[in-house]
Amino acid sequence: MSDTIRVLIVERESLFRRGLAGCLAVDAGLEVIGSAATAAEGYALADQNAPDVVLVGTTLADAANLEAATEMRRRFPALATIVIAAHESDDELFAAIRAGASAYCGQDVEEDSLIALIKRAATGEYVINEQLLDKPYVAARVLEQFRTATASDLAPTSAFAPLTDRELEILKKVSDGLTNAEIGYALGISAQTVKNHVTSILRKLAVNDRTQAVVTALRRGWLSIDDNPAANGTLAGARAKR
């Protein structure tokens, strides 16, 4: 990433879009590379312009609530997503955590606070984790997911496991020793998309290769190889395919 943080705005209300752009323009370290009124336009702009951070509203006509934020994370796993809610709620914060959002705030967020969120999200931080400190109800729901998860299930995306469901699914297949092409074939996606997801996984876990990512996930309980008949060759396979 360059010194300048490239930001995409996806928000239905044109006046609020312009206000966001004007707010960010005061910081020389930020560049608004586009704005969109619909999720479809946002996906196209993200694909064309490769932003570092996307600000996503929750009232889009073609993707209400967290739909657009979730899809942004699925299509562009390396893109930091900040949800800007029309009406903040604990339920929506929980959904934002599940969606893999880097941060969550309301439309009344202070300019300085928003700029700080963008800069932290661009470095790979999950600022949304801190919001749990003041939201015991949401924290309890996150912890309950871990208590009810079975050994054979993928660990749920949460503040404690900052990987999306798709990333955990891919990491599980990496632990099985599959190549990017093999994973793509199994999941019905391209090898390049798998590669993008793996890059995002390495960045989030702050590791250098696929083997380290698998080891980190196993140690933290996000993956289980107990039900894998090829468990003895898992790490060797991951090393061979990295």
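Please provide a residue-by-residue account of the overall build of the chain, values included.
Regarding its fold elements, the chain presents 12 helices and seven strands. Relative to its full complement of 242 residues, the chain shows a buried share of 49%. Put simply, 65% of the contacts in the chain that link residues at least 6 apart link residues at least 24 apart. Of the roughly 11400 Å² of accessible surface on the chain, 50% is carried by carbon and sulfur atoms.

Break down the layout of surface pockets for me, citing the residues and quoting the values.
The volume enclosed by the largest pocket comes to roughly 230 Å³. As for the largest pocket, its lining consists of 15 residues, of which Ala50, Pro51, Asp52, Ala78 and Leu79 are closest to the centre. For the lining of the largest pocket, the secondary-structure elements that each account for two or more residues are helix 2 (39-49) and helix 5 (111-122). A breakdown of the residues in the lining of the largest pocket according to their chemical character gives 11 nonpolar, one polar and three charged. Put simply, the second largest pocket is a space of about 190 Å³. Taken together, Glu88, Ser89, Leu93, Ala103, Tyr104, Cys105, Leu117, Val127, Gln131, Asp134 and Lys135 form the lining of the second largest pocket. Counting residues per element, the lining of the second largest pocket draws most heavily on strand 7 (residues 103-106), which supplies three residues.

Describe in detail the packing of helix 8 (residues 165-175) against helix 9 (residues 180-187), supporting the description with residues and values.
Viewed as axis vectors pointing N to C, helix 8 and helix 9 meet at an angle of 125 degrees, and their least axial separation amounts to 10 Å. Judged by the angle between their axes, helix 8 and helix 9 are oblique. Considering how the two elements wind past one another, helix 8 and helix 9 form a crossing that is right-handed. Touching Arg166, Glu169, Ile170, Lys173 and Val174 of helix 8 are Ile183, Ala186 and Leu187, all from helix 9. Partitioned by chemical class, the residues of the contact of helix 8 with helix 9 number five nonpolar, no polar and three charged.

An account of the side chain of Asp209 is requested, with residue identities and associated values reported.
Turning to its location among the elements, Asp209 is positioned in the loop between helix 10 (191-205) and helix 11 (210-219). Its relative accessible area of 16% is what places Asp209 among the buried residues. Polar contacts involving the side chain of Asp209 include one to the main-chain amide nitrogen of Thr211, which spans 3.1 Å.

I'd like to hear about the packing of aromatic side chains, residue by residue, with values.
Applying the stated criterion across every chain, the model contains zero aromatic pairs. For the cation-ring pair, Arg75 lies above Tyr43, with the distance from its terminal atom to the ring centre recorded as 4.1 Å.

Give a detailed account of empty space enclosed by the protein, specifying residues and quantitative values.
Applying the stated criterion to the full structure yields two cavities of 30 Å³ or more. Every residue lining the second largest cavity is listed: Arg73, Leu79, Ala80, Thr81, Ser102, Ala121, Gly124, Glu125, Tyr126 and Arg203.

Outline the pattern of salt bridges, listing residues and values.
All chains considered together, the criterion is met by nine salt bridges. Ionic pairing is found between Arg74 and Glu71, a salt bridge with its closest N-O pair at 2.7 Å. Note that Arg74 and Glu71 are positioned in helix 3 (residues 67-75) at a spacing of three residues, about one turn of the helix. Three or more residues are tied together by salt bridges with common partners; here these are Glu71, Arg74 and Arg75.

Tell me about the nonpolar core, residues and numbers included.
Counting residues in each nonpolar core, the largest one holds 27 residues, and the members touching the most others are Leu8, Met72 and Ile128. Here this core gets four residues from one element, more than from any other, and that element is helix 2. Beyond its immediate chain neighbours, meaning those up to four positions away, Met72 contacts Leu8, Val10, Gly42, Tyr43, Ala46, Val54, Val56, Leu79 and Thr81. Core analysis: the second largest hydrophobic core is formed by 21 residues, Leu30, Leu55, Ile82 and Cys105 among them.

Residues and numbers for the packing of helix 8 against helix 10, please.
Relative orientation of the contacting elements helix 8 and helix 10 amounts to 100 degrees, with a least axis distance of 10 Å. The angle between the axes of helix 8 and helix 10 places the two elements in the roughly perpendicular class. Judged by residue contacts, Arg166, Glu167, Ile170 and Leu171 of helix 8 engage Val194, His197, Val198, Ser200, Ile201 and Lys204 from helix 10. Residues of the contact of helix 8 with helix 10, tallied by class, amount to five nonpolar, two polar and three charged.

Give me the lowdown on helix 8, citing residues and values where you can.
Considered for burial, the residues of helix 8 that qualify are Glu167, Leu168, Ile170, Leu171, Lys172, Val174 and Ser175. Just downstream of helix 8, Gly177 is the residue with a positive phi angle, here 90 degrees.

Conventions adopted
- Residues numbered from 1 in each chain as written.
- Predicted model: local features only at pLDDT ≥ 70, side-chain atom pairs only at ≥ 80, totals over all residues.
- Heavy atoms only, no water.
- Helix = DSSP H or I, 4+ residues; strand = E, 2+ residues; numbered from the N terminus.
- Buried < 20%, exposed > 50% of the residue type's maximum accessible area, 1.4 Å probe, protein only.
- Contact = heavy atoms within 4.5 Å.
- Areas by Shrake-Rupley, 256 points an atom, 1.4 Å probe, with all protein chains shown as cover.
- 1 Å grid on protein atoms, 1.4 Å probe; cavity = no way out; pocket = protein on both sides within 12 Å on 5 of 7 lines; lining within 4 Å.
- Points joined across faces, edges and corners; volume = space filled by probe spheres on them.
- Nonpolar A, V, L, I, M, F, W, Y, C, P; charged D, E, K, R; others polar.
- Axes fitted to C-alpha atoms, helices over the stretch in contact; angles between N-to-C directions.
- Parallel < 35°, antiparallel > 145°, perpendicular 65-115°, else oblique.
- Left-handed = near helix turned anticlockwise from the far one by under 90°.
- Polar contact = N/O pair within 3.5 Å; in protein donor to acceptor, adjacent residues only side chain to side chain.
- Phe/Tyr/Trp six-rings, centres within 6.5 Å; stacked < 30°, edge-to-face > 60°.
- Lys NZ or Arg CZ within 6 Å of the ring centre and 35° of its normal.
- Salt bridge = Lys/Arg side-chain N within 4 Å of Asp/Glu carboxyl O.
- Core = buried A, V, L, I, M, F, W, Y, C linked by side-chain atoms within 4.5 Å.

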